[in-house]
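Results of the structural survey
So the chains spell out like this:
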Amino acid sequence: MSGVQKRETRHTRRLAWVFSHARKGYATFKRRGPSAGLTAFAKATAVRRSFTRRRKACATLTVLALGVLVAAQDGWPTYHGDYSGQRHSRLTQITPANVHQLTLAWAFQTGQTQQIKSTPILVNGVIYVTAPDNIWALDARSARQLWRYTYPANQGFHIGHRGAAVYKNFVYLTTPDAHLIALDSNTGKVKWDVEIADAKRGFWSTNAPLVVRNHMLVGVSGDFDNLPGTLKSIDPDTGKTQWIFYSTPPPGTPDSRSGGATGGQMWMTGTYDPDLNLVYVGTGNPTPTLNGPVRPGDNPWTCSIVALNPDTGKLAWGFQASPHDTHDWDAAEVPVLVDASFNGAPRKMLMQASRNGYFFVLDRTNGKNLLTAPFAAVNWAKVIDKEGRPIPDPAKEPTRDGVLIAPNESGATNYRSPSFDPQTGLLIVSAQDAYGIYFFKPEHGAYGWAGADYNIWGKGVLRAIEYQTGKIRWSHELGEGPSGAGVLTTASGLTFTGDSAGNALALRTSDGTTLWHSAIGRSGNSPVTYELDGRQYVLIGGGSALYAWALPTSGSP
């Protein structure tokens, strides 16, 4: 056998080994859930990294094999659906031609006063949906309640809840008083209960944890007090803390890099690149919020996107979307991961439509900026610097008499998730053009909010952003004020979201034309889709209820 033939044989054996572990991982996923499945083929990923350097074509096939695991179509196993944050489904049963036929398959009433803000998680035919202090397990075909867990009454801040996480045979819930609860996914019985952060100091938690192998990453909120931005990695089996990352150091830390700022809370679920082994998380606003003079400088890493090693919590790089923010424009919005061409060259990119009104495209291998462009009304930046950061105009700082600013405090977008459609190259985001007046005087002090603001006017609008240029391909008005709904796209060319008037919407992704709507009440979550028994469902919250839509079955009237 020649040397070339021997090398080819080794390559073939390696590829077979990788596919074998990918298949085992997928089988484990089907049986025990996404985290266990990812653990099962972790070795395959490691082998593929070295293999990629030598056999690009084989590596591409392996990526596709692993992608089947991450983007399973009979479930929605993580907050974003998969690690990328794209919220894009390959399902095509519901199309622009038949979407007008959607009918209500079932509805589930939580009986709570708060609207549903959580993304439903679907694993093994069971839906897990949350509200503050509560989680329900539902049959995905009928919404029949399998069990419910209610956390004991507490003094935490009950602003809302984003969702659960599943690992092996357990489901995990964060609480308003900043605890993490592990529950048996079959019964709802508590396995363990650990404190993420001290609620008596002003921390609270709303987010859905992100599971990366045996690391459960969970952040907290708390910008009413001068608290360090905190992200924890917790062992999902034992509840023990593995590491803590601080976006701003605790007060009193010597040689603080933040210029005296606290804050930068990581209250939204991040994304993950298995190839680079990096987690990407957006960070919140600095504190004191409107009092900028007491925290000079850019105040890293507040209002930033940070890349972390999930095994150690070490910072790989950071990009600051709003240097020295004084308007509560956190950059906690979803960092969406896309592999595609940019300016004619293949890139591993990260995209974010940020609360400050700017759209960013970064090289996610190193954090270098590729594009910065506004996607909503903005008047606060004087220039875009060489690093792609908007630099604040001193004339737009909060003052005693007040300053008119765009966007307002609720931002050009917020927690509602965007979606990236690979076919069109569009990042579709629920945006807002809005203006507010910001005030600050020294009497407001240097703690917490430290000032005042008033919203003047705002209009919600769905915007489709071309990632290559930052240009707006189309806009679809959503009504007065921001919509609370996130966005879902599908491979059939549909975009699902909700408007400010309480309608669920289906639009044509290519041009934003309305194809279907239903009045279900104001939506505060992001739609998801899945297929069971050959039938595609779309789930979206309206008020305190969860609605499932599907095409009529054969024989239906």
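Residues numbered from 1 in each chain as written. Predicted model: local features only at pLDDT ≥ 70, side-chain atom pairs only at ≥ 80, totals over all residues. Heavy atoms only, no water.

What to know about unusual backbone geometry
Rules: Secondary structure elements are defined from DSSP: runs of H or I of at least 4 residues count as helices, runs of E of at least 2 residues count as strands, and each element is numbered from the N terminus. For the exposure calls, accessible area comes from a 1.4 Å probe over protein chains only, and a residue counts as buried if that area is under 20% of its type's maximum, exposed if over 50%, partly exposed in between.
With omega at -5 degrees, the peptide bond leading from T287 into P288 counts as cis. You can see P288 is positioned in the loop between β18 (286-287) and β19 (304-308). In this structure, the amide linkage connecting P300 to the following residue, W301, adopts the cis form with an omega of 0 degrees. You can see W301 is positioned in the loop between β18 and β19. Located in the positive-phi region is K168, a residue other than glycine, with phi close to 55 degrees. Looking at the secondary structure, you find K168 in the loop between β7 (165-167) and β8 (170-174). K168 gets classed as partly exposed once you look at its relative accessible area, which sits at 27%. One non-glycine residue, N277, adopts positive backbone phi at about 55 degrees. Looking at where N277 falls in the secondary structure, it is placed in the loop between β16 (271-273) and β17 (278-282).

Some thoughts on the nonpolar core
Rules: Working definition of a nonpolar core: buried Ala, Val, Leu, Ile, Met, Phe, Trp, Tyr and Cys residues. They are joined through side-chain atoms within 4.5 Å. Note on contacts: a residue pair qualifies if any of its non-hydrogen atoms lie within 4.5 Å across the two residues.
Within the largest apolar cluster, 36 residues are counted, with the highest numbers of intra-cluster contacts made by W106, F496, Y530 and L539. Elements supplying a minimum of two residues to this core: β2 (103-109), β4 (126-131), β5 (134-139), β33 (494-498), β34 (503-508), β36 (528-532), β37 (535-542) and β38 (545-550). Sorting elements by how many residues they give to this core places β38 first, with 6 residues. Ignoring anything within four residues of it in the chain, the contact list for L539 reads W106, P120, I127, P527, V528, Y530, L546, Y547 and A548. M351, F375, L427 and V461 belong to the second-largest nonpolar core, a separate cluster that totals 26 residues.

Observations regarding the confidence of the model for the chain
What counts is decided by this rule: Residue-level confidence of the predictor is what pLDDT reports, using numbers from 0 through 100.
With 87% of its residues at a pLDDT of 70 or more, the chain has an overall mean of 90. Long-range and interchain partners of residues 26-36, a stretch whose pLDDT sits below 50, account for 26 contacts in this model, where long-range means more than four residues apart. The model gives residues 38-70 a pLDDT under 50, and that stretch makes 56 contacts with residues more than four places away or in other chains.

Let's talk about the pairing of β8
Where we set the bar: Two strands make a pair as long as DSSP finds a minimum of two bridges between them.
Burial runs high along β8: 5 of the 5 residues are buried. Sheet topology note: the β7/β8 ladder contains 3 bridges and is antiparallel. Looking at the pairing, Y167 lines up with F170 of β8. Linkage of β7 to β8, two consecutive antiparallel strands, is achieved through a turn of 2 residues, within which K168 is found at a positive phi near 55 degrees. Here β8 pairs with strand β9 (residues 179-184) via 5 bridges, running antiparallel. Paired with V171 across the bridge in β9 is L183. If you look at the hairpin formed by β8 and β9, you'll find 4 residues sitting between the two strands, and A178 has a positive phi there, around 65 degrees.

Regarding the sheet that holds strand β6 (residues 145-150)
Put simply, the test is: Angular values range over 0 to 180 degrees, each being the angle between N-to-C directions of two axes fitted as lines to C-alpha atoms, with helices fitted over their stretch in contact.
If you trace the 4 strands from one edge of the open sheet to the other, you get β3-β4-β5-β6, paired in antiparallel fashion. At either margin of the open sheet sits one strand with a lone partner, and together these are β3 (121-123) and β6. Each strand of the sheet is rotated relative to its neighbour by a mean of 15 degrees, with strand direction disregarded. Here β4 runs beside β5; their pairing, made up of 6 bridges, is antiparallel. Within the sheet, the bridge partner assigned to I127 lies in β5 and is L138.

Comments concerning the pattern of salt bridges
Between side chains of opposite charge, a pair can form when the charged atoms approach closely. For the record, the criterion: The working definition used for a salt bridge is a side-chain nitrogen of Lys or Arg within 4 Å of a carboxyl oxygen of Asp or Glu.
A complete count under the given rule lists 20 salt bridges for this structure. For K348, the salt bridge is made with D273, and the minimal N-O distance between the two is 3.1 Å. Of this pair, K348 sits in strand β22 (residues 345-353) while D273 sits in strand β16, and the two are 75 residues apart along the sequence. Each member of the pair K348 and D273 is classed as buried. The salt bridge partner of R389 is E387, with a shortest N-O separation of 3.5 Å. Judged by its relative accessible area of 13%, R389 is buried. Look at E387 and you get partly exposed, because its relative accessible area is 44%.

Some details on the environment of F319
Tracing the backbone through its elements, the reader meets F319 in strand β20 (residues 315-320). Taking the relative accessible area as the measure of exposure, F319 reaches 4% and is therefore buried. Taking the C-alpha atoms as reference points, F319 and L362, 43 residues apart in sequence, are found 8.6 Å from one another. Other than its neighbours up to four places away in sequence, F319 contacts W301, S304, I305, F360, L362, G367, N369, E387, G388 and R389.

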